[in-house]
Amino acid sequence: MSQLLGATIAAITLTRDLIPINLAKGILGTVANILVIAQSVIKNQSDFQAIVDKCKTIREILERTTKGTTNNDLRGYLGHALSQLNKSYSLSQIDRDRIAGWEKDLDRVLLLFNTEAITGMAIRVEKLVLGLDSNATATNVIKHYLPAPPPCPSMFYGRQDLVAELTNLVINDEHIALIGPGGMGKSSLAKAILNEPLVTEKFADRRFFVTYDGLDPSSITFQTFITCFAGALGIELSGADPVRQISYFLRSASALVVLDNAETFEEASGSSALGEIPPAIAVIADIPGVILILTSHSRRNAPNQSGWSLPMLLKRWKDWHSKVLDHGKGKLQSLLATMQLSLSSPSIQNLGKDGCRVLSIIAFLPQGLNEDLASDLLLSLPQVDTICDVLCRQSLIYRHDSFIKMLAPIRHFVRDLLQPPDFSCLQDIHAFYCHTVQQCSVARDNYAEIVILDHLNIEYLVAFDLARVPDGAEVTYDACWRFLKCLEWHLPHPTTLTPAIFKITENPSTWAPKARCLQYLGLLYNTVTQLTEGLKAFKAA
């Protein structure tokens, strides 16, 4: 038995000298001391045979599981487990009872430590966090550096409440999508959030800004997407399964990742070859502690100040209209560049000319297009609902209170630089609204509801027709006085048709229809108790 014990002590001592981790060396040294003391205190072989066996097991396990590791590998579970094992040994009292207690302590610690399983798992987890595989070579180690996040935009005013609201969502581990037309400040907003003190405190130097601006959606590949992503994280990919490598890196600590200009790969994902992009984003979004902020035109910085006075700005607007918003090259300074970028996207291009036709109609109508009536208003565009869905996804238009609308800068761009509504579309709209006012009666029926909902569109179309009507176009005058009668019944209010009616050219063919329009205009003004205006209309009639 003495030879066996001596051999065990020698093997433990040799192993202690060979393994690379200092804490494990200390544990094995203590284990050897246990056996030396036990040898001098206990004379009965059976009293310490079990302790010898457990000490041999600890030596063998530590030799296997610490092979190839360093003291740097003690950051996680392995370090904690070895520390717990080390604490279990105390040489404060050396007697038979203490030696007997050691056996029970070893049973408890070995169960807690779970020896080989926990140690092996701990080292493997540490390697996975570092991007290593048990079979990986040195060339497959993920090399990384932490790039500095972009600073907060120098021109960013009036959005403190929004920044605070979104920061609160980020701090509470909520993903965010910032969607809207190009140039409205989505990227600036994301950069502002990245630099908020609460965000900096939570994520420290793990705040990443991945931008896909400038990439052509028609030529982007999954490799382009993932390389750009990894580059922004500061990691160098090697080998297969890049998503797994990125995931390992992000799992090591909490991280905030901004995916800027996501419409680039959203547009590109229409290609069957790029079906890997959405699943890859889903995998990353599901990593605990990783928060994504996505900016996109596709349901998509702060504007420069010109220094013009208000009178000068009004003069420039009168002369240039939407071109006044063109400050220079690039989408951040130029509305023209932003709109051309949106209109050149593959999904818009696939619509052909019909996409621009619908945009022109929505820009033409002051209320926008009544979504429930779109297919009735535009019979010559049977795919109008599908077209509107695509335009909405690109944030060129938006839905609000049953109408499809567009923001004022986009409206002015469309009216200034795109073709005006074509004749067939205007004819469709004119025919529908004329039929509506003809059928409208004092009863509150469906026709009355359309007049109430679309009254600004009808009013604008009537004024548009009156300004361009050829002599003898009875249908235009008929629509005018009937619409005024509908307003008197269902929605009495002053009307912008007054100047257009008074300007109707007088000749034998227009005397009667103009008089009728003036008569119903007077009745409307009397209903809203604007008696002076009513009397003026009656006199002119």
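Summary of the structure given here. (Residues numbered from 1 in each chain as written. Predicted model: local features only at pLDDT ≥ 70, side-chain atom pairs only at ≥ 80, totals over all residues. Heavy atoms only, no water.)

1. Let's talk about the sheet that holds strand β2 (residues 176-179)
The strand order across the open sheet built from four strands is β2-β6-β5-β3, with neighbouring strands paired in parallel fashion. Each edge of the open sheet is held by one strand with a lone partner, namely β2 and β3 (207-211). Mean inter-strand twist for the sheet, computed between neighbouring axes without regard to direction, equals 15°. Here helix α7 (residues 160-171) sits on the sheet and contacts β2, β5 (255-260) and β6 (290-296); the angle it forms with β2, its principal contact strand, is near 150°. This element, helix α13 (residues 277-285), spans β5 and β6 of the sheet and lies at about 140° to β6. (Pairing = 2+ DSSP bridges. Helix = DSSP H or I, 4+ residues; strand = E, 2+ residues; numbered from the N terminus. Axes fitted to C-alpha atoms, helices over the stretch in contact; angles between N-to-C directions. Contact = heavy atoms within 4.5 Å.)

2. A closer look at unusual backbone geometry
With the exception of glycine, the majority of residues adopt a negative phi angle, and the majority of peptide bonds are in the trans configuration. One non-glycine residue, D401, adopts positive backbone phi at about 50°. Looking at where D401 falls in the secondary structure, it is placed in the loop between β8 (398-400) and β9 (403-405). Residues other than glycine seldom take positive phi values, yet T529 does so here, at roughly 60°. Residue T529 is classed as exposed on the basis of its relative accessible area, which comes to 62%. (Buried < 20%, exposed > 50% of the residue type's maximum accessible area, 1.4 Å probe, protein only.)

3. Thoughts on the side chain of T476
Here T476 is to be found in helix α24 (residues 474-490). Judged by relative accessible area, T476 falls into the buried class, the value being 7%. Apart from residues no more than four positions distant in its own chain, T476 is found in contact with H430, D465, L466 and V469.

4. A look at the nonpolar core
Among the nonpolar cores identified, the biggest contains 67 residues, and L359, L369, L378, L391, I397 and I501 are the most heavily contacted of them. Looking at this core element by element, the count peaks at seven residues for α24. (Core = buried A, V, L, I, M, F, W, Y, C linked by side-chain atoms within 4.5 Å.)

5. Considerations on the packing of helix α21 (residues 423-439) against helix α23 (residues 455-468)
Direction vectors running N to C along α21 and α23 enclose 115°, while the axes themselves pass 11 Å from each other. Judged by the inter-axis angle, α21 sits roughly perpendicular to α23. The element α21 and its partner α23 pack so that their crossing is left-handed. Residues L426, I429, H430, Y433 and V437 of α21 lie in contact with α23, whose contacting residues are N457, I458, L461, F464 and D465. Grouping the constituent residues of the contact of α21 with α23 by class yields seven nonpolar, two polar and one charged. (Parallel < 35°, antiparallel > 145°, perpendicular 65-115°, else oblique. Left-handed = near helix turned anticlockwise from the far one by under 90°. Nonpolar A, V, L, I, M, F, W, Y, C, P; charged D, E, K, R; others polar.)

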